Amino acid sequence: MKLPTSPFTVTDWSKVSPTTHPGEHGEAIWRTLNIGDLRVRMVEYSPGYLADHWCDRGHVLYVLKGELDSELRDGRKFKLTAGMSYQVSDYGDAAHRSSTATGATLFIVD
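None of the values given here were measured: they were computed from a predicted structure. (Residues numbered from 1 in each chain as written. Predicted model: local features only at pLDDT ≥ 70, side-chain atom pairs only at ≥ 80, totals over all residues. Heavy atoms only, no water.)

Q: How should I be thinking about the side chain of S70 in this particular structure?
A: With respect to the helices and strands, S70 occurs in strand β5 (residues 59–72). The contacts of S70, once residues within four sequence positions are left out, are R76, K77, F78, L80, Y86, R97 and S98. (Helix = DSSP H or I, 4+ residues; strand = E, 2+ residues; numbered from the N terminus. Contact = heavy atoms within 4.5 Å.)

Next comes the structure, spelled out in structure tokens:
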């Protein structure tokens, strides 16, 4: 990931307008800051959330609260809890998708 040229920016996430993204089950609430091709997000998954797609985009994802299940298309599964992260590049491994039984709050840079 190459960070685009930008000024020093402080973000008060409570003031970033949320957008709702339905999953196959549940929903994701995104608060998004776009800086050129860089996307920085605070994401809240509702309990019972299951993504509606397999994703090949690279991310740096950090779990702030709750539990996140990450499944790779090749069958591997990972449980992340608060304080854990994953990193994957664009098309860097099998496509992945997220789910959570209990809900989760994430910080994602991609």
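Q: Would you mind going over the layout of surface pockets with me for this structure?
A: Over the atoms, a rolling probe the size of a water molecule traces out where space has been left empty. Approximately 290 Å³ is the volume attributed to the largest pocket. Lining of the largest pocket is provided by 19 residues; of these, W30, R41, Y45, H53 and C55 occupy positions nearest its centre. Classifying every residue of the lining of the largest pocket by side-chain character gives 10 nonpolar, 5 polar and 4 charged. There is about 190 Å³ of room inside the second largest pocket. Around the second largest pocket, the lining residues are S70, L72, F78, K79, L80, M84, Y86, Q87, V88, D93, A94 and H96. Put simply, the parts of the chain that give the lining of the second largest pocket at least two residues each are β5, β6 (77–81) and β7 (85–88). Broken down by class, the residue content of the lining of the second largest pocket amounts to 7 nonpolar, 3 polar and 2 charged. (1 Å grid on protein atoms, 1.4 Å probe; cavity = no way out; pocket = protein on both sides within 12 Å on 5 of 7 lines; lining within 4 Å. Points joined across faces, edges and corners; volume = space filled by probe spheres on them. Nonpolar A, V, L, I, M, F, W, Y, C, P; charged D, E, K, R; others polar.)

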